[in-house]
Amino acid sequence: MIQKTEKNRIIYLDVLRVLAIFMVIMVHAGDIYLFDPETMTFGFECSVFVVLLRSSVPLFIIMSSILLLPIKTDTTSFFKRRFSRVVIPFLIWSIVYVFLPTPNNIVFGGPANAFTDSSINVFLYNLMMIPINFTGSNAHFWFIYIILGLYLFMPIFSPWIKSATKKMLIFFLSIWGITLFFPYLRLFFPQIQGECDWNEFGMFYYFGGYFGYVVLGYFLHHYNRLTVSRSVAIGIILFIVGSIVTYFGFISDQKTFLNKIVSSNVEDWKPLEFNISFLAPNVVIMTAGVFMIFQNMKISGFMQRVFKELSVFSYGIFLVHYILCLWIGNWMQDVLTINAGIEQFLIAVVTFLTSYCLVKLISFIPQSKYIIG
């Protein structure tokens, strides 16, 4: 039985949301440790963390599907709530991040030759790009663009998933699972199933992408009827298998990356993302495993309140954490002289707590929902 509190709040989702936001902060805390350009090496501990933390973003999508589908309000009300709680804070902080100073640069970035090389034009470029795509100033918000697209489709998808049978959901997930292997197939056949120079929309195009996580979350929440012990055991197996495949794939990608640097002297980071892609089958397996491990978690009244408090502010923590992580990481990296993995963890803990305190203070401002969600 799923543990709930007042207003049918689902406890395990509070736990998962807090876990997922901490995982995101851990990933960003490790950016300064992952690759050393002087020695041309990747840190072992940070590489392990990259793998173990890869489920963070997919977990947010899974949780959104459980909380929002099927939609229980009219479409207008659904979009109004998403706009006030998600879009407006996202836009505000995207603008703020354009002007926030970082430890080593006056501005966050953007193309060095945007109009001219002057800082003012980089500011203008980053501001104008916000409705179109993320830039150097709000690159950590790339995921918000994805989740907003999923929100737009949810009212259309909701009637189907409300009436869908277990077999129909399995049918969708089966085809989605096939599409997860297409990047590997394209290594040998660059264009498949109707794709060509004038058409990128192949036969299974509409079954691909992040919406598969939406269906996966809904399916696991409603149809995982395994006992707690069996669900946890299977979840652990899935997580371990997925982690092993992801790790060795990531190590292989690191070698490809280093070969490119040596041969062409061009830092192309794209190869590093191939086997740790959020839509790689091994990452999907890991994510399903994490979800199944925590799905039947039960916690005491005090811990319920702690996780609920942190969960309520999780979006705000996500919005503010990155700049804090940069400054805290820059300071702690100079102060600490211990294992890189331990330093990464400590930076994440301090950043998480500092972000929570800042968001908590902002929450006392009238209409703070427009700032922190």
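On a predicted model such as this, the values are computed, not experimentally measured, just so you know. (Residues numbered from 1 in each chain as written. Predicted model: local features only at pLDDT ≥ 70, side-chain atom pairs only at ≥ 80, totals over all residues. Heavy atoms only, no water.)

So, the packing of helix α10 (residues 211-223) against helix α12 (residues 281-294)
- For the pair α10 and α12, the least separation of the axes is 11 Å and the interaxial angle reads 30°. Taken together, the axes of α10 and α12 lie roughly parallel to each other. α12 is crossed by α10, and the crossing has right-handed handedness. Listed contacts from α12 to Tyr213, Leu216, Leu220 and His221 of α10 are Val283, Val284, Thr287, Ala288 and Phe291. (Axes fitted to C-alpha atoms, helices over the stretch in contact; angles between N-to-C directions. Helix = DSSP H or I, 4+ residues; strand = E, 2+ residues; numbered from the N terminus. Parallel < 35°, antiparallel > 145°, perpendicular 65-115°, else oblique. Left-handed = near helix turned anticlockwise from the far one by under 90°. Contact = heavy atoms within 4.5 Å.)

Comments concerning helix α4 (residues 56-68)
- Between its first and last C-alpha, α4 extends 19 Å over 13 residues, near the 18 Å set by a 1.5 Å rise per residue.
- With twelve of its 13 residues buried, α4 lies for the most part within the structure.
- Regarding α4, the residues found buried are Ser56, Val57, Pro58, Leu59, Phe60, Ile61, Ile62, Met63, Ser64, Ser65, Ile66 and Leu68.
- Contacts from the buried residues of α4 go to α1 (11-29), α5 (75-99), α7 (142-163), α10 and α12. (Expected span 1.5 Å × (residues − 1). Buried < 20%, exposed > 50% of the residue type's maximum accessible area, 1.4 Å probe, protein only.)

Re the environment of Phe90
- Inspection of the secondary structure assignment puts Phe90 in helix α5.
- Using a relative accessible area of 3% as the deciding quantity, one classes Phe90 as buried.
- Spatially, the C-alpha atoms of Phe90 and Asn126 are 14 Å apart, while their sequence positions differ by 36 residues.
- For Phe90, the residues in contact, after removing those within four places along its chain, are Asn138, Phe141, Ile144, Tyr145, Leu148, Tyr315 and Leu319.

Notes on the nonpolar core
- The biggest cluster of nonpolar side chains holds 105 residues, and the ones touching the most others in it are Ile144, Tyr213 and Leu216.
- Sorting elements by how many residues they give to this core places α1 first, with 14 residues.
- Sequence-distant contacts of Leu216, defined by excluding residues within four places in its chain, comprise Ile62, Leu173, Trp176, Val284 and Ala288. (Core = buried A, V, L, I, M, F, W, Y, C linked by side-chain atoms within 4.5 Å.)

Notes on the environment of Ala340
- Examined against the element boundaries, Ala340 turns out to sit in helix α15 (residues 340-362).
- In this structure Ala340 comes out as partly exposed when scored by relative accessible area, which is 24%.

Quick look at the pattern of salt bridges
- Counted under the stated rule, the structure contains four salt bridges.
- Note that Asp14 and Arg17 form a salt bridge whose closest N and O atoms lie 3.4 Å from each other. Of this pair, Asp14 and Arg17 both sit in helix α1, three residues apart, roughly one helical turn.
- Overall, the relative accessible area of 13% leaves Arg17 in the buried class.
- For the salt bridge of Arg186 with Glu195, the shortest nitrogen-to-oxygen distance reads 2.6 Å.
- Assessed through its relative accessible area of 16%, Glu195 is described here as buried. (Salt bridge = Lys/Arg side-chain N within 4 Å of Asp/Glu carboxyl O.)

Re a nonpolar patch on the surface
- A cluster of nonpolar residues, Leu185, Leu187, Phe188 and Phe189, forms a patch on the protein surface that exposes about 450 Å² of accessible area.
- One can find Leu185 in helix α9 (residues 182-185).
- Here Leu185 falls in the partly exposed class, since its relative accessible area comes to 34%. (Patch = residues over 30% accessible without salt bridge, like charges linked within 9 Å, V, L, I, M, F, W, Y side chains within 5 Å. Areas by Shrake-Rupley, 256 points an atom, 1.4 Å probe, with all protein chains shown as cover.)

Some remarks on the confidence of the model for the chain
- Of the residues in the chain, 90% reach a pLDDT of 70 or more, and the chain-wide mean stands at 86.
- Segment residues 109-117 is flagged for pLDDT under 50; beyond a separation of four residues in sequence, or across chains, it makes 15 contacts in the model. (pLDDT = per-residue confidence, 0-100.)

Points about α15
- Taking 1.5 Å per residue, 23 residues should reach 33 Å; α15 reaches 32 Å between its end C-alpha atoms and fits that length.
- Residue Asn339 occupies the N-cap position of α15, its side-chain oxygen lying 2.8 Å from the main-chain nitrogen of Gly341. (Polar contact = N/O pair within 3.5 Å; in protein donor to acceptor, adjacent residues only side chain to side chain.)

A short note on the packing of aromatic side chains
- Following the criterion strictly, the structure yields 31 aromatic pairs and no others.
- When the ring of Phe171 is compared with that of Phe207, the centres are 6.4 Å apart and the planes differ by 90°; the resulting orientation is edge-to-face. Placement of Phe171 in helix α8 (residues 166-179) and of Phe207 in the loop between α9 and α10 is noted, with a sequence separation of 36 residues between them.
- The class for Phe207 is partly exposed, based on a relative accessible area of 22%.
- Ring geometry for Tyr247 and Phe248: centres 5.4 Å apart, planes at 80°, overall edge-to-face.
- Of the aromatic side chains, those joined through ring pairs into one cluster are Phe153, Phe157, Trp160, Phe171, Phe172, Phe182, Phe204, Phe207 and Phe211.
- Just above the ring of Phe78 sits the side chain of Arg82; from NZ or CZ to the centre is 5.0 Å. (Phe/Tyr/Trp six-rings, centres within 6.5 Å; stacked < 30°, edge-to-face > 60°. Lys NZ or Arg CZ within 6 Å of the ring centre and 35° of its normal.)

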